[in-house]
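Examination of the molecular architecture
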Amino acid sequence: MSASGGKMGPSLTQEILSHLGLASKTAAWGTLGTLRTFLNFSVDKDAQRLLRAITGQGVDRSAIVDVLTNRSREQRQLISRAFQERTQQDLLKSLQAALSGNLERIVMALLQPTAQFDAQELRTALKASDSAVDVAIEILATRTPPQLQECLAVYKHDFQVEAVDDITSETNGILQDLLLALVKGGRDSYSGIIDYNLAEQDVRALQQAEGPSTEETWVPLFTQRNPEHLIRVFEQYQRSTGQELEEAVQNRFHGDAQAALLGLASVIKNTPLYFADKLHQALQETEPNYQVLIRILISRCETDLLSIRAEFKKKFGKSLYSSLQDAVKGDCQSALLALCRAEDM
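Just so it is clear, the structure is predicted and the values come from calculations on it, not from any experiment.

**Regarding the overall build of the protein**
Helix and strand counts for the protein stand at 21 helices and zero strands. For 345 residues, the compact-globule estimate of 2.2 N^0.38 gives 20 Å, and the C-alpha radius of gyration of the protein, at 22 Å, lies within 12% of that figure. On the principal axes, the C-alpha backbone points of the protein span a range of 70 × 45 × 40 Å. The 345 residues of the protein split such that 48% are buried. Across the protein, the fraction of contacts at a sequence separation of at least 24, relative to all contacts at a separation of at least 6, is 71%. Accessible surface for the protein amounts to roughly 16400 Å². Of this, 48% is attributable to carbon and sulfur atoms. Within the protein, the 44 negative side-chain charges are centred at a point lying 6 Å from the centre of the 36 positive side-chain charges.

Here you go:
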C-alpha cells in the first residue's frame, strides 16, 4: 500500500482488517507499524528499479519513494548490498547525489541502519543545546534495551567518543543525571506482579522529597522503575495529593530538568500519545519541523505508528495523514504520506 499526496488511502480499520489473514506470519504482522515486510520482495528487481530511477532521463523520485517506503529496514539493507554488488556504487551516496532537500534527508534516513540513524540524531541534539532535552529523552527513553545498546555502540564507533562523555560535557544538573541514568539502562523489568507496598513507598518518597533529596528521589524513580509500576505510582500520587504528578514536576523543577521529567512522564504513561503530541507540535510551527517529522515517522513506522495515528486523531480531531497533507509541501510530501500510510476516518 502506498500513499500519494493527491489520494486518500484506506481507513485505519480497513487497513487492519486487510492484514488479519496474515496474523500468523510474524514477518508481515506482529507490530502496530504501518510499514511491514514486503511479501513479494525481489531484491534484484528493486535494485534495478532504483538504478533506472537515477540513471534515466531525469530522476524518477516517485519510483525511489515507492520502493523505499514499501520495504522494511532489513529489506532496504539487502537492496543496498545488491545495488553495490551490481553497480560497484554505494546506493546511499548515489541517491544522495541525485536528490536534495528534505526528500534527500528522508531517503538517507531510510537507508541507514536504525542504530546509526539514532546515534546521529542523538549526537546532533547533544551538540545543539536547543534540542538536547527533547531528542535525547525521545531516543533514550523510547528505544528497547537492545536498540539502545546498539545505538550507544554505533555512537562510540562513528564519533570516537562515548555518549556518556558527550552527555557529561554538554549537559549539567538534573538533566545530566537523568540522561546518564537512562543510558545505563537499569530500568526494572515488569514481573507481572503488582507490588502495592512499593507503590505506596514511592508515592510517600516523592511527596516528602525536599531540597537536595528531591533530585536523589525523583531521578532514580523515573529512570529505574518499570513503566507499569510507575503508572500505578502516578495514579496513586494523584489520589493521595489531589494533584497530577505533572503539576508537581512543574512546581518543583524548572528549565531543562522540568522538560526532561515531563517528557519522561509522558513516555511512561502513553508512548504513542507522546509521539502524537510531538508530531502535532512539529506541524503547528510556521514552517513544519521536518527533522522531527522525519525522525518520528521513520523510527516508528515499523513499530507503533498505527497507535500514534489513533492517538493523534483522538486528541486533535484530525488525522495525521490529513495534517501532513495540509502542512507538508514539496517532494518530501509523498514520502511522509507513504510512511504514514493511510487516512483515519
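**Description of the environment of Lys315**
Mapped onto the elements, Lys315 comes out in helix α19 (residues 305–316). The spacing of Lys315 and Thr241 is 74 residues in sequence and 27 Å in space, taken between C-alpha atoms. If sequence neighbours within four positions are ignored, Lys315 has contacts with Leu273 and Asp277. Reaching out from Lys315, the side chain makes a polar contact with the side chain of Asp277 at a distance of 2.8 Å.

**Brief notes about the packing of aromatic side chains**
Following the criterion strictly, the structure yields six aromatic pairs and no others. Measuring from ring centre to ring centre gives 5.8 Å for Trp218 and Phe222, while their planes differ by 20°; the resulting arrangement is stacked. Taken together, the residues Trp218 and Phe222, both in helix α13 (residues 212–224) and four residues apart, mark about one turn of the helix. Phe222 shares its class with Trp218; the two are buried. Here the aromatic rings of Trp218 and Phe253 are separated by 5.4 Å at their centres, their planes lie at 65°, and the arrangement is edge-to-face. Taken together, the residues span a long stretch of sequence, with Trp218 in helix α13 and Phe253 in the loop between α15 (245–252) and α16 (255–269) at a distance of 35 residues.

**Let's talk about the confidence of the model for the protein**
Averaged over every residue, the pLDDT of the protein is 90; the share at 70 or more is 90%. Taken together, the stretch residues 1–10 has pLDDT below 50 and engages in 28 contacts with residues farther than four places along the chain or on a different chain.

**Focus: unusual backbone geometry**
Phi is positive for Gln88, which is not a glycine, with a value near 65°. Considering the arrangement of structural elements, one finds Gln88 in the loop between α4 (73–87) and α5 (91–98). We classify Gln88 as exposed; its relative accessible area is 61%. Located in the positive-phi region is Arg341, a residue other than glycine, with phi close to 90°. Looking at where Arg341 falls in the secondary structure, it is placed in the segment after α21 (332–340).

How each quantity is defined
All residue numbers here refer to positions counted from 1 along the written sequence of the relevant chain. Per-residue local features are limited, in this predicted model, to residues with pLDDT of at least 70; the limit for side-chain atom pairs, both in listing and counting, is 80 or more; totals at the level of whole chains, interfaces and linings are taken over all residues. The side-chain numbers reported here are obtained from all heavy atoms of the structure, hydrogens and water having been left aside. Strands are runs of DSSP state E lasting at least 2 residues, helices are runs of H or I lasting at least 4, and numbering of each runs from the N terminus. Using C-alpha atoms as the atom set, the radius of gyration is obtained and then compared with a globule rule of 2.2 Å times the number of residues to the power 0.38. Burial here depends on accessible area, computed with a 1.4 Å probe over protein chains only, as a share of the maximum for the residue type. Under 20% is buried, over 50% is exposed, and the range in between is partly exposed. What makes two residues a contact is simply this: any of their non-hydrogen atoms within 4.5 Å. In this description, accessible areas are obtained by the Shrake-Rupley approach with a 1.4 Å probe, and a residue is regarded as covered only by the protein chains that are shown. When charges are counted, Lys and Arg contribute as positive and Asp and Glu as negative, whereas His and the chain ends are disregarded. Taken as the charge centre is NZ of Lys, CZ of Arg, CG of Asp or CD of Glu, depending on the residue. Between N or O atoms, a polar contact is any pair within 3.5 Å; within protein, one atom must be a potential hydrogen donor and the other a potential acceptor, and residues adjacent in sequence are included only when both atoms are from side chains. Only centres within 6.5 Å qualify two rings of Phe, Tyr or Trp (six-membered ring in Trp) as a pair; their planes then separate them into stacked at under 30 degrees, edge-to-face at over 60, and tilted for everything else. One confidence number per residue, pLDDT, is output by the predictor and ranges from 0 to 100.

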